[in-house]
Amino acid sequence: MSLEAQIDRTNLPQHIAIIMDGNGRWAKEQGMSRVLGHKNGVGSVREVAEAAAELGIQHITLYAFSTENWARPKHEVNALMELLVETIKSEMSTLKKNKIQLNAIGNLSELPESCQINLKEAIEETSNHDHMTLTLALSYSARWELENAMQTIAHKIERKEISANQVNEELISKHLNTANMPDPELLIRTSGEKRISNFLLWQIAYSELYFTDTLWPDFKKDDLFQAIIDYQKRERRFGKTSEQVNQL
Ligand code: FPP
């Protein structure tokens, strides 16, 4: 039986978050430059997005550029920004064909102007697509997001728009970049690293974590299916006992 056929369509995660790691190592293995590793990573983005949309996953969030990635060599940062613009343009047909809505989270005002413009246009152009939302985390870090949310909440308290005792989980969630999305049930990280690297720290409180040695440019449809099959075998207990969870 194919991996796709082994997936239980009634128990799909609604939201899958992915830390796409290993482009540099993949390039080194092939004797290529790191930038070509990132370019080859775009093929995996396309395959994963199409496969997820076909399955009926509602949200995919990709860690495409972290706040910390600004510290990389300037030429790599520039190449990644150019690749982002090129990819948004070249993949518009994929987004249209699969009715995928593009979204972005992070400190987007830090991105070069051409990226901001292209991103905004693509987000607007795909805003009526209802099959799946593909969110790119760009210049994103979870601590930055939480710091922002806390500042906004503190200002609201200062202005007496809300009182301190109204600050609860729901209110905090509503002040995050992911306000309109369910929390990811599944977080995937490629390339053998077993870290979260400042990604969606609040939102992954109960996520199932899936680590694979596969490098991102090699991560294809079947790798996504394998991760979902693994997720479906797990028992999500949310702090309860196994007996409680399995009670009819
Ligand atoms: C991590 O690999 C990957 C990145 C920092 C960039 C991710 C970008 C892409 C997959 C391509 C562009 C994507 C979009 C959505 C336009 P790494 O460089 O840290 O790899 P290494 O750990 O092996 O060095």
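Quick caveat, the model's predicted, so the values are computed rather than measured.

What counts and what doesn't
- Residues numbered from 1 in each chain as written.
- Predicted model: local features only at pLDDT ≥ 70, side-chain atom pairs only at ≥ 80, totals over all residues.
- Heavy atoms only, no water.
- Axes fitted to C-alpha atoms, helices over the stretch in contact; angles between N-to-C directions.
- Helix = DSSP H or I, 4+ residues; strand = E, 2+ residues; numbered from the N terminus.
- Parallel < 35°, antiparallel > 145°, perpendicular 65-115°, else oblique.
- Left-handed = near helix turned anticlockwise from the far one by under 90°.
- Contact = heavy atoms within 4.5 Å.
- Expected span 1.5 Å × (residues − 1).
- Salt bridge = Lys/Arg side-chain N within 4 Å of Asp/Glu carboxyl O.
- Near = heavy atom within 4 Å.
- Polar contact = N/O pair within 3.5 Å; in protein donor to acceptor, adjacent residues only side chain to side chain.
- Areas by Shrake-Rupley, 256 points an atom, 1.4 Å probe, with all protein chains shown as cover.
- Nonpolar A, V, L, I, M, F, W, Y, C, P; charged D, E, K, R; others polar.
- Core = buried A, V, L, I, M, F, W, Y, C linked by side-chain atoms within 4.5 Å.
- Buried < 20%, exposed > 50% of the residue type's maximum accessible area, 1.4 Å probe, protein only.

Moving on to the packing of helix H2 (residues 34-55) against helix H8 (residues 221-233). Contact geometry of H2 with H8 gives a least axis separation of 9 Å together with a crossing angle of 50 degrees. Compared by their axis directions, H2 and H8 come out oblique. Along this stretch, H2 crosses H8, giving a crossing that reads as right-handed. Contacts between H2 and H8 involve Glu47, Val48, Ala51, Ala52, Glu54 and Leu55 on the former and, on the latter, Lys221, Leu224, Phe225 and Ile228.

Turning next to H2. Here H2 spans 32 Å end to end across 22 residues, near enough to the 32 Å set by a 1.5 Å rise per residue. Gly56 occupies a position one or two residues after H2 and carries a positive phi of about 105 degrees.

Quick look at the pattern of salt bridges now. In the structure shown here, the tally under the stated rule is 17 salt bridges. Among the ionic pairs, Arg25 bridges to Glu193, the shortest N-O distance being 3.3 Å. One end of the pair, Arg25, is in helix H1 (residues 23-29); the other, Glu193, is in the loop between strand E5 (186-189) and strand E6 (208-211), with 168 residues separating them in the sequence. Linking Glu124 and Lys120 is a salt bridge whose minimum nitrogen-to-oxygen distance equals 3.7 Å. Remark: Lys120 and Glu124 occur in helix H5 (residues 113-125); sequence separation between them is four residues, near one turn of the helix.

Before going further, it helps to examine the site of the ligand. Taken together, 17 residues form the shell around the ligand, and within it Asp21, Gly24, Arg25, Arg34 and Arg72 come nearest. Arg25 is positioned with one of its backbone polar atoms (N or O) 2.7 Å from an oxygen atom of the ligand. Between Arg72 and the ligand, the recorded distance is 2.8 Å, taken from a side-chain N or O atom to an oxygen atom. Here the ligand loses 91% of its free accessible area of 620 Å² to cover by the protein chains. For the shell around the ligand, the secondary structure elements donating two or more residues are H1, H2 and helix H3 (74-90). Of the residues that constitute the shell around the ligand, the class distribution is seven nonpolar, six polar and four charged.

For the rest of this paragraph, the subject is the nonpolar core. Grouped together as the largest cluster of nonpolar side chains are 46 residues, with contacts concentrated most on Ile16, Ile188, Leu224 and Ile228. Among the elements that take part in this core, H2 stands out by supplying seven residues, more than any other. With near-sequence residues (within four places) excluded, Ile228 lies in contact with Ile7, Leu12, Pro13, Ile16, Leu55, Ile57 and Leu186. Listed in part, the twelve residues of the second largest apolar core include Tyr63, Ala142, Met181 and Phe199.

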